[in-house]
Amino acid sequence: MIHIGLVGFGEAGYHISKDFPKDKVALYAYDAIATQDTPRAVKVREHAAENGVTLVGSLRELAEKGDYFFCFTSANAAVPLAQEMAGYLHKGQVYMDMNSTAPVTKEHMASFFETSEGDFVEAAVMSSVPANRTHVPICLGGSKAEETSAALNALGMNTKAVGEKYGKASAMKMLKSVLSKGMIALITETVFCTEHYDITDYVLESVRKVMLEEMDYKTFCHYNVASAAIHNARFCQEMEQVLETMDSIHENAIMTQATLKKFQWLHEQGYADHFAERPTTYDEVLAVKHQIEAKNTQTAN
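Everything numeric in this text was worked out from a predicted model, so none of it was measured.

Rules behind the numbers
Residues numbered from 1 in each chain as written. Predicted model: local features only at pLDDT ≥ 70, side-chain atom pairs only at ≥ 80, totals over all residues. Heavy atoms only, no water. Axes fitted to C-alpha atoms, helices over the stretch in contact; angles between N-to-C directions. Helix = DSSP H or I, 4+ residues; strand = E, 2+ residues; numbered from the N terminus. Contact = heavy atoms within 4.5 Å. Nonpolar A, V, L, I, M, F, W, Y, C, P; charged D, E, K, R; others polar. Patch = residues over 30% accessible without salt bridge, like charges linked within 9 Å, V, L, I, M, F, W, Y side chains within 5 Å. Areas by Shrake-Rupley, 256 points an atom, 1.4 Å probe, with all protein chains shown as cover. Salt bridge = Lys/Arg side-chain N within 4 Å of Asp/Glu carboxyl O. Buried < 20%, exposed > 50% of the residue type's maximum accessible area, 1.4 Å probe, protein only. Pairing = 2+ DSSP bridges. Polar contact = N/O pair within 3.5 Å; in protein donor to acceptor, adjacent residues only side chain to side chain. Core = buried A, V, L, I, M, F, W, Y, C linked by side-chain atoms within 4.5 Å.

Caption draft 1: Broad picture of the packing of helix H8 (residues 168-194) against helix H12 (residues 254-269). Between H8 and H12, whose axes approach to 8 Å, the crossing angle comes to 120°. Facing Gly182, Ala185, Leu186 and Glu189 of H8, the residues of H12 in contact are Ile254, Met255, Thr256 and Thr259. Here the contact of H8 with H12 is composed, by residue class, of 4 nonpolar, 3 polar and 1 charged.

This is the structure in structure tokens:
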């Protein structure tokens, strides 16, 4: 029997504990609010009972119960919790921080375990926990990542070790958010504006066709980075007109302003000057980026 301890038993803890085989896994959880007389605390207790999770009264007590520990709290609480748990763990126990934090934060947490008997594995949850439950894709990093991944996957989880260096898994999560959360913000800003002219469906569908029908997704990414490199001056002019349009309908334009600033920066850096014709891949643009960075460094020195 494998014993898993959950630090925090909110939405993520509830859903990830849904589908473990009961004959192979015993579940425990510590949540600071669990004993309170509030609607949220009542829900924590109900969810624990529903999933067969035993609630305990402290982190120290939880540390006595588990083989593997998943921390699902918040980025702000992650560091002090890791530091406290590092002092409780014994040889063979593994602590995994599942919170969305920067790579340097994971590295900081890992440092607490340098003098701990237990081990630290960084974890980056790569999709929706409520949608995927126990099978949510999770990237693991650290010296025990391979071993931990194999053990957890044998219990029905969907983990992947991405390396022994701390920070890589979190970087995958954080930098994926540049695109995924950026798209959320861009779509929101677009829909708020298109509603004024009753053209929402048309605008969204036109982008969908370009992105998923006229080219495949990878080609779409290559095409867009290449366009940014060679057409940034023209894009700046277009985005200035877009801002005028948004101003006329009194809509917030934070993302559009940021888009204009990005194209202005590309223009100032002189990306277009490096291309006689459209590059075919973003790798060509990245090569120019490295050249520009090297030149800027040399100039600064």
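Right, picking up where we left off after that structure.
Caption draft 2: Layout of a nonpolar patch on the surface. On the surface, Leu179, Met183, Ile187, Leu204 and Tyr217 cluster together to form a nonpolar patch covering roughly 430 Å² of accessible area. Broken down by element, the residue count for the nonpolar patch peaks at 3 residues, all from H8. Looking at the secondary structure, you find leucine 204 in helix H9 (residues 200-214).

Caption draft 3: Geometry of the pairing of strand S4 (residues 68-71). Across the two faces of S4 the burial is the same, with Tyr68 and Phe70 and Phe69 and Cys71 all buried. Sheet topology places S4 next to strand S5 (residues 94-97); 4 bridges connect them, and they run parallel. The residue bridging tyrosine 68 from the neighbouring strand is valine 94, located in S5.

Caption draft 4: Here's a closer look at the side chain of asparagine 232. Tracing the chain through its elements places asparagine 232 in helix H11 (residues 232-248). A distance of 3.0 Å separates the side chain of asparagine 232 from the backbone oxygen of alanine 228, its partner in a polar contact. In this view, asparagine 232 contacts Ser227, Phe263, Leu266, His267, Tyr271 and Ala272; residues no more than four positions away in its chain are not counted.

Caption draft 5: Looking closely at unusual backbone geometry. For arginine 133, which is not glycine, the phi dihedral falls at a positive 55°. By the element assignment, arginine 133 lies in the loop between helix H6 (129-132) and strand S7 (137-141). A relative accessible area of 31% means that arginine 133 is categorised as partly exposed. Although it is not a glycine, histidine 250 adopts a positive phi angle of roughly 60°. Secondary-structure assignment places histidine 250 in the loop between H11 and H12.

Caption draft 6: Spatial organisation of the sheet that holds strand S8 (residues 158-163). Strand order in the open sheet made by the 8 strands is S3-S2-S1-S4-S5-S6-S7-S8, with mixed pairing throughout. Across the chains shown, the open sheet's two edge strands, defined by having one partner strand only, are strand S3 (53-55) and S8. Taken over all neighbouring pairs, the strand axes of this sheet differ in orientation by 25° on average, direction set aside. Judged from the 3 bridges that link them, strand S2 (residues 25-30) and S3 form a sheet pairing that is parallel. Note on S3: the bridge partner recorded for tyrosine 28 is threonine 54.

Caption draft 7: Inspection of the nonpolar core at higher detail. Counting residues in each nonpolar core, the largest one holds 33 residues, and the members touching the most others are Ile4, Phe70, Met96 and Ile138. When near neighbours in sequence (up to four residues on either side) are disregarded, methionine 96 contacts Tyr68, Phe69, Phe70, Cys71, Val121, Ala123, Leu140, Thr148 and Leu152. Formed by 23 residues, the second largest nonpolar core is a distinct cluster that contains Leu62, Ala78, Val79 and Ala86.

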